[in-house]
Every structure is written in C-alpha cells, then in structure tokens.
Amino acid sequence: MQENNKHSISLEQRKNLTVSGVESVTAFSEVKIVLSLIGGEKMNVIGMGLKITGFSKASGSFTAEGQITGISYGGKSFVSKLFK
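Basis of the calculations
Residues numbered from 1 in each chain as written. Predicted model: local features only at pLDDT ≥ 70, side-chain atom pairs only at ≥ 80, totals over all residues. Heavy atoms only, no water. Helix = DSSP H or I, 4+ residues; strand = E, 2+ residues; numbered from the N terminus. Buried < 20%, exposed > 50% of the residue type's maximum accessible area, 1.4 Å probe, protein only. Contact = heavy atoms within 4.5 Å. pLDDT = per-residue confidence, 0-100. Pairing = 2+ DSSP bridges. Patch = residues over 30% accessible without salt bridge, like charges linked within 9 Å, V, L, I, M, F, W, Y side chains within 5 Å. Areas by Shrake-Rupley, 256 points an atom, 1.4 Å probe, with all protein chains shown as cover. Salt bridge = Lys/Arg side-chain N within 4 Å of Asp/Glu carboxyl O. Core = buried A, V, L, I, M, F, W, Y, C linked by side-chain atoms within 4.5 Å.

Observations concerning the overall build of the protein
(1) Moving on: For the protein, the count of helices and strands is one helix and seven strands.
(2) Moving on: Residue burial in the protein is summarised as follows: out of 84 residues, 27% are buried.
(3) Moving on: If you take every contact in the protein between residues at least 6 apart in sequence, the share linking residues at least 24 apart comes to 42%.

Shown next as structure tokens:
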C-alpha cells in the first residue's frame, strides 16, 4: 500500500480512466463511481455506461471505461481543484 497522499489521473479520449492512489471504491453504478483516495479525499466520476475494469487495493490502482463526462473532488469540479 502506498504511504504518501499522492495520486494521479489519466483519461484517454474521455473513455478510459486510470487512477493511482485509490484506497477503496465507495459506490458505483453505470452513471457514477465514487472513489476514496489515500489521504481521505473523495473523487466522483460521472458518465454513462461506466464499468470498473480493474482495482487493486494493494497497489492503489483503479481503471474504468465508459463515456466519462465529469470528474470532481468532494463536490468540487476537477478544473476548480487544478486552479485553486
């Protein structure tokens, strides 16, 4: 398990998502996935036809696919998190 609070996000063509530093999958459906990140932060992935394709609690890696329309942290948009 990772001991630091760092994570990374890779989104390819709004269809394939890879996230590192994931502690657990809190909730999931075809339209929303909620992740708990190391350090206690939450991440929301919004879209259509979402499907989890991989998750390893040991390494903290998570992958999903579908039509991804948004990513937010604890209610804040991904863009607002980048430019705080």
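Here the narrative resumes.
So, the confidence of the model for the protein
(1) Moving on: Residues at a pLDDT of 70 or more form 82% of the protein, whose mean pLDDT is 86.
(2) Moving on: Per-element confidence in the protein is highest for strand S2 (residues 16-20), whose mean pLDDT is 97, and lowest for strand S7 (residues 76-77), whose mean pLDDT is 50.

Let's talk about the environment of Met48
(1) Moving on: The residue Met48 is located in strand S5 (residues 42-56) in this model.
(2) Moving on: Overall, Met48 belongs to the partly exposed group, its relative accessible area being 47%.
(3) Moving on: Here the alpha-carbon distance between Met48 and Lys32, two residues 16 residues apart in the chain, equals 7.9 Å.
(4) Moving on: With residues near it in sequence (within four places) discarded, Met48 still touches Glu30, Gly66 and Gln67.

A short note on the pairing of strand S6 (residues 61-73)
(1) Moving on: Pairing of S2 with S6 involves four bridges; the strand directions are antiparallel. Residue Asn16 lies in a different strand from S6, and its bridge partner there is Glu65.
(2) Moving on: Bridge count for S5 against S6 is eleven bridges, and the pairing is antiparallel. Its bridge partner being in S6, Lys51 is matched across the sheet by Glu65.

With respect to a nonpolar patch on the surface
(1) Moving on: Together, Phe28, Ile52 and Phe55 make up an exposed nonpolar region whose accessible area comes to about 290 Å².
(2) Moving on: Tracing the backbone shows Ile52 in strand S5.

A short note on the nonpolar core
(1) Moving on: In this structure, Leu17, Val19, Ile33, Leu35, Met43, Val45 and Phe62 are the most contacted members of the largest nonpolar core, which totals 14 residues.
(2) Moving on: At the level of elements, S2, strand S4 (32-37), S5 and S6 are the ones that each hand at least two residues to this core.
(3) Moving on: Examining the composition of this core, we find that five residues originate from one element, S6, more than from any other.

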